[in-house]
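# Residue-level structural notes
Here is what each chain is made of, one letter per residue.
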Amino acid sequence: MERLEVQTESGFYPILAAEGALALPAVRRELRERLADRDCFVITDDTVGPLYLAPLVRVVKEVGARSCATTAFPAGEASKTLATLGDLCRRAVENGLDRQALFIALGGGVVGDLTGFAAATYMRGVAYIQVPTTLLAMVDSSVGGKTAVDLPEGKNLVGAFHQPELVLAQLNWLRTLPPRQVRCGVAEVIKYGVILDPEFFAYLEASMPELLVLDATVCRQVVLQSCRLKAQVVAQDENESKGIREILNFGHTFGHAVEALGGYSTVTHGEAVAVGMLMAAGLSERLGLAPEGTAARLEALIRAAGLPVRAQPPGATPDAILEGMSRDKKVKHGQLRLVLVRDIGVAQVVECNDRELLLEVIGRYCGQP
Ligand code: NAD
Ligand code: GLY
């Protein structure tokens, strides 16, 4: 079993990742330490529930939890709302859960973000653990304590920082993930290479076919290196207040606007981030920040991952995307703050309000390729 550690100002927690993790004695020990004699509440969605809820609940009981309530909501981004949050909290009350309860997120980033936010707010805060089941959740959303729900006006607009007590990735559970969802996780993996680690980027260029079929060795290496990189950033800037963690939003300011234009249904988060990263790389070059060829190299890798290289939802015009970006959380005093790159592996936050330039670059990545 692989074990990484996330050290933040508010505490410390391990990330455990392995094929068949739940069966390993070392994992059982870590679970027993946190679950024994506690009332647990497993939250999942109606796709993951039929696949993995039963084996997880069995283990929760075997390691000595006092009780284990469960609930499942409809899968997908459309559930990441205040209404679902209310339902989850009411289910917790119905099950008699108090402040000592432990919430468990079993699923992708939607389940993780919702469960984390429910844990951050239920009775003013209870503990939770993350059991991510998508590649995206294993490499990104389960680590770092960002929790949120969406509003019709934009993504993740209501949320909190609340770190989990443990992240547990059972790598073989990825095998049931539809290929489209695998590719979405790959978008966030590519992000780490672009902003932090040129060697990892080169590794991805060499290993993309194996990663897409979830080759066990490549998959383990990718999950671990992604979590390692994310943990390093989160350790330095837990609440994104020091200008360091912002770099993890590379491609996201553009991407969130594209995702919203797709109604959170036609374009997935990962697909939107892929196009957003290209827009950010294109702008980096256009501003003379990154060497020529940076965006083309990124585009080649994104294409190899089978991810979109153009924003295609109907209505995704440069004007509409820029309008959506102005509602981003990274806007400070009306100034748009964008994560750009100086080279593959080196990120920099830049304020950019040159409307004409932004429209020109966004336009390059809209429509048919
Ligand atoms: P998701 O949770 O919607 O999962 C995608 C789909 O895969 C769902 O239908 C789900 O039911 C299904 N699924 C999950 N695991 C499966 C498995 N093992 N086998 C078969 N099907 C499975 O989406 P996601 O891509 O995991 O996460 C996207 C969300 O994460 C977005 O809301 C995004 O904003 C958020 N996010 C949060 C952070 C953070 O730091 N908190 C970071 C990145 C993304
Ligand atoms: N996914 C961005 C962050 O965790 O900061």
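Residues numbered from 1 in each chain as written. Chains lettered and ligands numbered in written order. Predicted model: local features only at pLDDT ≥ 70, side-chain atom pairs only at ≥ 80, totals over all residues. Heavy atoms only, no water.

## Regarding the sheet that holds strand E6 (residues 127–132)
Read from one edge of the open sheet, seven strands run E1-E2-E9-E6-E5-E3-E4, paired in mixed fashion. Across the chains shown, the open sheet's two edge strands, defined by having one partner strand only, are strand E1 (2–8) and strand E4 (67–73). Averaged over all pairs of adjacent strands, the angle between strand axes in this sheet comes to 20°, irrespective of strand direction. In this structure, strand E3 (residues 39–45) lies alongside strand E5 (residues 102–107), joined through four bridges in parallel fashion. Bridge pairing in E5 links Cys-40 to Leu-102. Here helix H2 (residues 48–62) sits on the sheet and contacts E3, E4, E5 and E6; the angle it forms with E3, its principal contact strand, is near 165°. (Pairing = 2+ DSSP bridges. Helix = DSSP H or I, 4+ residues; strand = E, 2+ residues; numbered from the N terminus. Axes fitted to C-alpha atoms, helices over the stretch in contact; angles between N-to-C directions. Contact = heavy atoms within 4.5 Å.)

## Describing the packing of helix H7 (residues 198–212) against helix H11 (residues 294–304)
Close contact between H7 and H11 brings their axes to 9 Å; oriented N to C, the two are set at 15°. Comparing the axis directions of H7 and H11 gives the class roughly parallel. Note on packing geometry: the crossing formed by H7 with H11 is left-handed. Of H11, the residues touching H7 (which contributes Phe-201, Ala-202, Leu-204, Glu-205, Met-208 and Leu-212) are Arg-297, Leu-298, Leu-301 and Ala-304. In the contact of H7 with H11, the residues fall into eight nonpolar, no polar and two charged. (Parallel < 35°, antiparallel > 145°, perpendicular 65-115°, else oblique. Left-handed = near helix turned anticlockwise from the far one by under 90°. Nonpolar A, V, L, I, M, F, W, Y, C, P; charged D, E, K, R; others polar.)

## Considering H2
With 15 residues, H2 extends 21 Å from end C-alpha to end C-alpha; this agrees with the ideal 21 Å at 1.5 Å per step. At Ala-54, H2 is deflected by roughly 30°, the largest bend along its length, and proline Pro-55 occurs up to four residues later in sequence. Regarding H2, the residues found buried are Val-48, Gly-49, Tyr-52, Leu-53, Leu-56, Val-57, Val-59 and Val-60. Where H2 is buried, its residues contact helix H1 (25–35), E3, E4, E5 and E6. Looking one or two residues past H2, Gly-64 carries a phi angle of roughly 100°, positive in sign. (Expected span 1.5 Å × (residues − 1). Bend = angle between axes of the 7 residues up to and from the residue. Buried < 20%, exposed > 50% of the residue type's maximum accessible area, 1.4 Å probe, protein only.)

That is the geometry; function is a separate question.
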